[in-house]
Amino acid sequence: NFLTYYLLLDFQTLVSWMRGHESSVFSISVHASGKYAITTSSDTAQLWDLDTFQRKRKLNIRQSVGIQKVFFLPLSNTILSCFKDNSIFAWECDTLFCKYQLPAPPESSSILYKVFAVTRDGRILAAGGKSNHLHLWCLEARQLFRIIQMPTKVRAIRHLEFLPDSFDAGSNQVLGVLSQDGIMRFINIQTCKLLFEIGSLDEGISSSAISPHGRYIASIMENGSLNIYSVQALTQEINKPPPPLVKVIEDLPKNKLSSSDLKMKVTSGRVQQPAKSRESKMQTRILKQDLTGDFESKKNELPDGLNKKRLQILLKGYGEYPTKYRMFIWRSLLQLPENHTAFSTLIDKGTHVAFLNLQKKYPIKSRKLLRVLQRTLSALAHWSVIFSDTPYLPLLAFPFVKLFQNNQLICFEVIATLIINWCQHWFEYFPNPPINILSMIENVLAFHDKELLQHFIDHDITSQLYAWPLLETVFSEVLTREEWLKLFDNIFSNHPSFLLMTVVAYNICSRTPLLSCNLKDDFEFFFHHRNNLDINVVIRQVYHLMETTPTDIHPDSMLNVFVALTKGQYPVFNQYPKFIVDYQTQERERIRNDELDYLRERQTVEDMQAKVDQQRVEDEAWYQKQELLRKAEETRREMLLQEEEKMIQQRQRLAAVKRELKVKEMHLQDAARRRFLKLQQDQQEMELRRLDDEIGRKVYMRDREIAATARDLEMRQLELESQKRLYEKNLTENQEAVAKEMRADADAYRRKVDLEEHMFHKLIEAGETQSQKTQKVIKENLAKAEQACLNTDWQIQSLHKQKCDDLQRNKCYQEVAKLLRENRRKEIEIINAMVEEEAKKWKEAEGKEFRLRSAKKASALSDASRKWFLKQEINAAVEHAENPCHKEEPRFQNEQDSSCLPRTSQLNDSSEMDPSTQISLNRRAVEWDTTGQNLIKKVRNLRQRLTARARHRCQTPHLLAA
């Protein structure tokens, strides 16, 4: 179960333990707000809430489509998910709604995306893989807008990262591309130009990261070192390598040892008291001293700007190198060439045969450490054949392997440099220990401590016991890690003889416990285990021995000076008796072949013996099996006979049981049939009782409904009677009011007629008598004709009214017949019909009243015109009486007009006589009678409808009869 941890770095404590992934997490992306995080594995991606450390959502995919990378876009709320089938999706972080999907790249430049990079403004996405093509996507337009082809040396892209700039507002233009050759190239994505590159084929880059402000680039090299580059220096001097890191180390001795440096300069130059007479001579001496100083400085100059003399001064002052820079100083002191190609060639040869079973002889708990030790020893054996037969090589190499286990190249070159320089003449007496080296140590020990050497001689302790164990393990068994590092700071900073002097100094500093030892086992234990010894005292003793040992016995006269490994290829190591090694190799090969032949023959014999044994075992097993089969067959036959007898008995019992079951089944069927019949009978009885109860309930409900209906009908009858009386009362009151109004109108009309007649009589009196008679006769005749017309109109109107009444009755009869077929919901329609009929009648009454007012207005206009006409005629008659002979024609015209006047006046009089008033009154009375009859008919219809509804509720014939 793979887990994701979240640590609080300020306090170095575990804050949360987030479970959920079933495979290893290879990518973690944090939101710009720091609230969310996405962890990605090969099969799933999970979104975490960093406030609660709870999982919000989980992205599951099919097994056939793996996840390449899932990350947040900078300065946005968008999640970008990239899958192994080149599909890229954008999701909203809050709702996890899919915003868009990028289209597929063109087939001409289709690559499988492996690495991705996004600009700081989140607008451009760069993608690459196992190709020298780069795809640039515009995330705003959601399309591929540029394809960049890298140089032909680039076959695959391992890492992409944009170089930030403070003045581009997040739209980064420089892209760093790390390819498979370990070189990181920085290109401009707009101009497609190569700006600069870091790393090389010999010193390749494993991974790289850029600071947030884009000022520095940190790279982990393939040799395990960490390089930090200044972007400003790279952009100014493109072709120059990055500045060395040793400047930081140089500042320390300069600042702390400035006085000693001045002293050295004063001593070498002798310029404390300059004189004018010796100015030129002093200058010449200074020049010579400077030349000598330059030669010494060149001799002491180390790679990367270090100076060996200054390092020795620093070492004497502090006793050791700073832990932070120790590995770097060692690499400079040993002048390691870092031949990656040559080392790769040795590693590619695989594990050497001599070290295949290394774990059996040296069981190491750490598998990684054992694997690195095996590779290093195999590389040394492939470099020189003698190392495959050197028994103490694992002991010699182990401390360096443990120290440099993360950088195998440096580990190999350190051990090789140690063997070439500090292990000189070790292999001249191979396979025996180096007698010459041990003799040097014994001579030095005899010079400085004869008592101790005599003690060793007295107890038969040779240099192979008190010196060789320390040399073959390089003091790793007798010193702690810190003491061992401090010792080798001094060994690597001095002549190769320093290691031999250290063995002597260790014995001299331990003389007290050694002099007290008398047994050989005690001596062996002492030189193979840690002892209570101050390493600083030992180192001071070594320097003392280096200075006080005579030249004739000093090891430096017999050992060569330091020689570094060659650049490019490692030197040939043949400082050993080749014939012995070859002979041992041949003998070992012969023994190995003989052993292989013996093993093959033994394997063949063992196989034959195994086959014979197996055949014998198989035969015995076959005989045993046959015997067992025979016995089993007899047993099975006996069992078969017994089983047949049991089967016969069981069949008999089974037949008896079947008969019993059949009888029981018949009894059960009979009982079930009787039970079913009884159940049917009970159900029928219950149904009858239920029907009786239902009938009784329905009769009871019917009686209640009939009684309620009767009460409702009685109440409705009473209400209708009261409404009828109310309607008759209102009708009578309305008739009386109308009659009063009509009488008042008649009286007014009569008075108006009398006035008009009075005025007309005056006019008649003013005319001739004959015309009066004639007019009277004509008026009477006209009145009679008008009366006849009025009578005829009255009769016609009466007949029309009767016809309308008949039609109305017919319509009511049809409506009653239709309502008899409807249900009780039609009651509402009847009430609405009554309301509409009432409104209609009131509307009709208003219309008639409007016509009456119009008739009154017309009558008033006619009265006014007649009055005006009478006044004109009277005035004319008066004027004619006063002057009869004046203007005959106009008078004749007036006579004609006057002759026409009676006809008009007669018409007017005939239109407003008492019979017409009487006719309107009669019409009004007829209308009121018709309205009353209609109301009575409506009441009767309602009563019939209620009766029909009551009959409809009663479904049985006797209820209908009732």
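- Looking at an unreviewed UniProt entry, one finds the protein chain named TBC1 domain family member 31, with Pan troglodytes as its source organism.
- In its Subunit (unreviewed entry) section, UniProt records this for the protein chain: "Interacts with PJA2; the interaction is direct and recruits PJA2 to centrosomes. Interacts with OFD1; regulates its activity in cilium assembly. Interacts with PRKACA."
- Looking at the protein chain in UniProt, the text filed under Function (unreviewed entry) is "Molecular adapter which is involved in cilium biogenesis. Part of a functional complex including OFD1 a centriolar protein involved in cilium assembly. Could regulate the cAMP-dependent phosphorylation of OFD1, and its subsequent ubiquitination by PJA2 which ultimately leads to its proteasomal degradation."

### Considering the pattern of salt bridges
Piece 1. Tallied over the entire structure, the rule returns 29 salt bridges.
Piece 2. For Glu606, the salt bridge goes to Arg602, with nearest N and O atoms at 3.7 Å. Linking Glu606 with Arg602, this pair stays in helix α21 (residues 578-766), spanning four residues, or about one helical turn.
Piece 3. Using a relative accessible area of 41% as the deciding quantity, one classes Glu606 as partly exposed.
Piece 4. The closest approach of N and O atoms between Glu844 and Lys848, which form a salt bridge, is 3.6 Å.

### Some details on the side chain of Thr39
Piece 1. Relative to the elements of secondary structure, Thr39 occurs in strand β4 (residues 36-40).
Piece 2. Among the polar contacts listed, one links the side chain of Thr39 to the side chain of His21, at a separation of 2.6 Å.

### Some points on unusual backbone geometry
Phi is mostly negative for residues that are not glycine, and the peptide bonds are mostly trans.
Piece 1. Phi at Arg142 takes a positive value of approximately 60°, unusual for a residue other than glycine.
Piece 2. One non-glycine residue, Asp460, lies in the positive phi region at around 55°.
Piece 3. Positionally, Asp460 belongs in the loop between α13 (450-458) and α14 (463-466).

### Points about helix α17 (residues 497-509)
Piece 1. Under the 1.5 Å per step criterion, the end-to-end length of α17 is 18 Å for 13 residues, consistent within 8% with the ideal 18 Å.
Piece 2. The buried fraction of α17 is high, at 12 of 13 residues.
Piece 3. Those residues of α17 that fall on the buried side of the exposure criterion are Ser497, Phe498, Leu499, Leu500, Met501, Thr502, Val503, Val504, Ala505, Tyr506, Asn507 and Ile508.

### Details of the nonpolar core
Nonpolar side chains tend toward joint burial in soluble globular proteins.
Piece 1. Trp383, Leu471, Phe475, Trp484 and Phe492 are the most contacted members of the largest nonpolar core, which has 103 residues in total.
Piece 2. Apart from residues no more than four positions distant in its own chain, Leu471 is found in contact with Leu396, Trp426, Ile437, Leu438, Ile441, Leu499, Leu500 and Val503.

### Let's talk about the sheet that holds strand β10 (residues 98-101)
Piece 1. The antiparallel open sheet is built from four strands, whose spatial order is β7-β8-β9-β10. Looking at strand neighbours, the two that pair on one side only are β7 (67-72) and β10, the edges of this open sheet. Strand-to-strand, the axes of this sheet are offset by a mean angle of 20°, without reference to chain direction.
Piece 2. Pairing between strand β9 (residues 88-92) and β10: three bridges, direction antiparallel. Within β10, the residue paired with Phe89 across the bridge is Gln101.

### Re the packing of aromatic side chains
Piece 1. This structure, assessed with the given rule, holds 30 aromatic pairs.
Piece 2. Here Trp330 and Phe492 contribute two aromatic rings whose centre-to-centre distance is 5.0 Å and whose plane-to-plane angle is 85°, an arrangement assigned as edge-to-face. Of the two residues, Trp330 sits in helix α6 (residues 326-334) while Phe492 sits in helix α16 (residues 481-492), which places them 162 residues apart along the sequence. Grouping residues by exposure puts Trp330 and Phe492 together as buried.
Piece 3. Geometrically, the ring pair formed by Trp422 and Phe562 is tilted, given 5.8 Å between the ring centres and 55° between the ring planes. Remark: Phe562 occurs in the loop between α20 (535-548) and α21 and Trp422 occurs in the loop between α11 (408-421) and α12 (435-448); sequence separation between them is 140 residues.
Piece 4. With relative accessibility at 3%, the residue Trp422 sits in the buried group.

### Some thoughts on the sheet that holds strand β20 (residues 216-221)
Piece 1. The antiparallel open sheet is built from three strands, whose spatial order is β19-β20-β21. Here the strands that pair on one side only, and so sit at the sheet edges, are β19 (205-210) and β21 (226-230). Across the sheet, the axes of successive neighbouring strands diverge by a mean angle of 20°, strand direction being ignored.
Piece 2. Two strands pair when backbone bridges link them, and β19 and β20 are joined in this way by five bridges, in the antiparallel orientation. Opposite Ala209, over in β20, you have Ala218 as the bridge partner.

### Overview of a nonpolar patch on the surface
Piece 1. A cluster of nonpolar side chains, Tyr216, Ile220, Leu226 and Ile228, forms an exposed patch at the surface whose accessible area comes to about 390 Å².
Piece 2. Secondary structure elements with two or more residues in the nonpolar patch: β20 and β21.
Piece 3. Tracing the chain through its elements places Ile228 in strand β21.
Piece 4. Take Ile228: its relative accessible area is 45%, and that puts it in the partly exposed class.

### Observations concerning the environment of Asn532
Piece 1. Tracing the chain through its elements places Asn532 in the loop between α19 (520-526) and α20.
Piece 2. Distance in space between the C-alpha atoms of Asn532 and Leu479 is 9.6 Å, their sequence separation being 53 residues.

### Observations concerning the packing of helix α7 (residues 340-348) against helix α9 (residues 367-383)
Piece 1. Look at α7 against α9: their axes get within 8 Å of each other, and the N-to-C directions meet at 100°. Comparing their axes, α9 and α7 come out roughly perpendicular. Contact residues: Phe343, Leu346 and Ile347 in α7; Arg375, Ala379, His382 and Trp383 in α9.
Piece 2. A per-class count over the contact of α7 with α9 returns five nonpolar, one polar and one charged.

### Some points on the packing of α12 against α17
Piece 1. For the pair α12 and α17, the least separation of the axes is 9 Å and the interaxial angle reads 45°. With respect to α17, the element α12 is oriented oblique. Read as a crossing pair, α12 and α17 show a hand that is right-handed. Counted together, Ile437, Met440, Ile441, Val444, Leu445 and His448 of α12 and Leu500, Met501, Val503, Val504 and Ile508 of α17 form the full contact between these two elements.
Piece 2. A class-by-class count of the residues in the contact of α12 with α17 yields 10 nonpolar, one polar and no charged.

### Notes on α11
Piece 1. For α11, built from 14 residues, the straight-helix expectation of 20 Å at 1.5 Å per residue is met to within 8% by its first-to-last C-alpha distance of 20 Å.
Piece 2. Most of α11 is tucked away, with 14 of its 14 residues classed as buried.

### Considering the confidence of the model for the protein chain
Piece 1. When pLDDT is averaged along the protein chain, the result is 78; 80% of the residues meet or exceed 70.
Piece 2. The least confident element of the protein chain is helix α3 (residues 258-269), whose mean pLDDT is 31; the most confident is α17, at 92.
Piece 3. Taken as a whole, residues 887-913 scores under 50 in pLDDT and shows 32 contacts with residues more than four places along the chain or in a different chain.
Piece 4. In this model residues 954-962 is a low-confidence stretch, pLDDT under 50, and it forms eight contacts with partners more than four residues away in sequence or in other chains.

Reading guide: rules and limits
Residues numbered from 1 in each chain as written. Predicted model: local features only at pLDDT ≥ 70, side-chain atom pairs only at ≥ 80, totals over all residues. Heavy atoms only, no water. UniProt positions renumbered as here; feature names shortened; annotations may be inferred. Salt bridge = Lys/Arg side-chain N within 4 Å of Asp/Glu carboxyl O. Helix = DSSP H or I, 4+ residues; strand = E, 2+ residues; numbered from the N terminus. Buried < 20%, exposed > 50% of the residue type's maximum accessible area, 1.4 Å probe, protein only. Polar contact = N/O pair within 3.5 Å; in protein donor to acceptor, adjacent residues only side chain to side chain. Expected span 1.5 Å × (residues − 1). Core = buried A, V, L, I, M, F, W, Y, C linked by side-chain atoms within 4.5 Å. Contact = heavy atoms within 4.5 Å. Pairing = 2+ DSSP bridges. Axes fitted to C-alpha atoms, helices over the stretch in contact; angles between N-to-C directions. Phe/Tyr/Trp six-rings, centres within 6.5 Å; stacked < 30°, edge-to-face > 60°. Patch = residues over 30% accessible without salt bridge, like charges linked within 9 Å, V, L, I, M, F, W, Y side chains within 5 Å. Areas by Shrake-Rupley, 256 points an atom, 1.4 Å probe, with all protein chains shown as cover. Parallel < 35°, antiparallel > 145°, perpendicular 65-115°, else oblique. Nonpolar A, V, L, I, M, F, W, Y, C, P; charged D, E, K, R; others polar. Left-handed = near helix turned anticlockwise from the far one by under 90°. pLDDT = per-residue confidence, 0-100.

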